[in-house]
Amino acid sequence: MTATTAAISGVVDGTVTPTVDAEGNLSLHIEVRHGPGRAECGDSIEIVLTGADARALLSARTPAGTQVFPCSVGVRLQSGPSLSR
C-alpha cells in the first residue's frame with residue numbers, strides 16, 4: 001500500500017480530545033459527528049502513539065505525507081438504522 005496526499009472526501013465534523021497516560025503515550029480520542037448541539041452518540045476513533053513517536057511527530061520538520069509514524073487505532077461505530085423490514 002502506498003501513502004496518498006489526495007484530499008479526503010466525505011469529511012464530517014467532530015471533536016478531538018488529547019490525553020497523555022502515566023507512561024507518556026499520547027491518545028487522540030476522535031468523536032465523529034459529535035460537537036456542540038449534536039447527540040452524544042457519534043462514532044469514535046482513538047489513535048494512540050508512544051511518547052517517543054508523539055514527540056517525533058510533533059517535532060517533524062518535513063512536509064506532510066513524507067514521514068510515517070507508527071500508532072494504534074481503535075474504532076467504535078454506532079449502529080445505524082435498520083433497513084430490514
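This section reports on the structure supplied with the text. Owing to the predicted nature of the structure, the values given are computational and were not obtained by experimental measurement.

Our focus in this paragraph is the overall build of the protein. Within the protein, the secondary structure is distributed over one helix and four strands. Element order for the protein, N to C, with α for helix and β for strand: β-β-β-α-β. Burial analysis of the protein (85 residues in total) assigns 15% to the buried set. In the protein, once contacts between residues fewer than 6 apart in sequence are set aside, the share between residues at least 24 apart is 29%. Counting every atom, the protein has about 6,900 Å² of accessible surface; 59% of that belongs to carbon and sulfur.

A word on the sheet that holds strand β4 (residues 72-76). Pairing is antiparallel in the open sheet, where four strands are placed in the order β1-β2-β3-β4. On the outer flanks of this sheet lie β1 (14-20) and β4, each paired with one strand and no other. Neighbour-to-neighbour, the strand axes of this sheet turn through a mean angle of 15°, independent of strand direction.

Right, let's get into the pairing of β1. Of the pairings in the sheet, the one linking β1 to strand β2 (residues 26-32) comprises seven bridges and is antiparallel in character. Looking at the pairing, Thr17 lines up with His29 of β2. Joining the antiparallel neighbours β1 and β2 is a turn of five residues, in which Gly24 adopts a positive phi near 90°.

Side chains of Val73, Val75 and Leu77 sit close together on the surface and give an oily, nonpolar patch of about 320 Å² of accessible area. Here Val75 is to be found in strand β4.

On to the environment of Gln78, then. Among the secondary structure elements, Gln78 is positioned in the segment after β4. As for Gln78 and Asp43, which are separated by 35 residues in sequence, their C-alpha atoms are 5.5 Å apart.

Let's shift gears to the side chain of Glu31. Relative to the elements of secondary structure, Glu31 occurs in strand β2. For Glu31, a relative accessible area of 11% corresponds to the buried category. Here Ser44 takes part through its side chain, which lies 3.5 Å from a polar atom of the side chain of Glu31.

Rules and cut-offs
- Residues numbered from 1 in each chain as written.
- Predicted model: local features only at pLDDT ≥ 70, side-chain atom pairs only at ≥ 80, totals over all residues.
- Heavy atoms only, no water.
- Helix = DSSP H or I, 4+ residues; strand = E, 2+ residues; numbered from the N terminus.
- Buried < 20%, exposed > 50% of the residue type's maximum accessible area, 1.4 Å probe, protein only.
- Contact = heavy atoms within 4.5 Å.
- Areas by Shrake-Rupley, 256 points an atom, 1.4 Å probe, with all protein chains shown as cover.
- Pairing = 2+ DSSP bridges.
- Axes fitted to C-alpha atoms, helices over the stretch in contact; angles between N-to-C directions.
- Patch = residues over 30% accessible without salt bridge, like charges linked within 9 Å, V, L, I, M, F, W, Y side chains within 5 Å.
- Salt bridge = Lys/Arg side-chain N within 4 Å of Asp/Glu carboxyl O.
- Polar contact = N/O pair within 3.5 Å; in protein donor to acceptor, adjacent residues only side chain to side chain.

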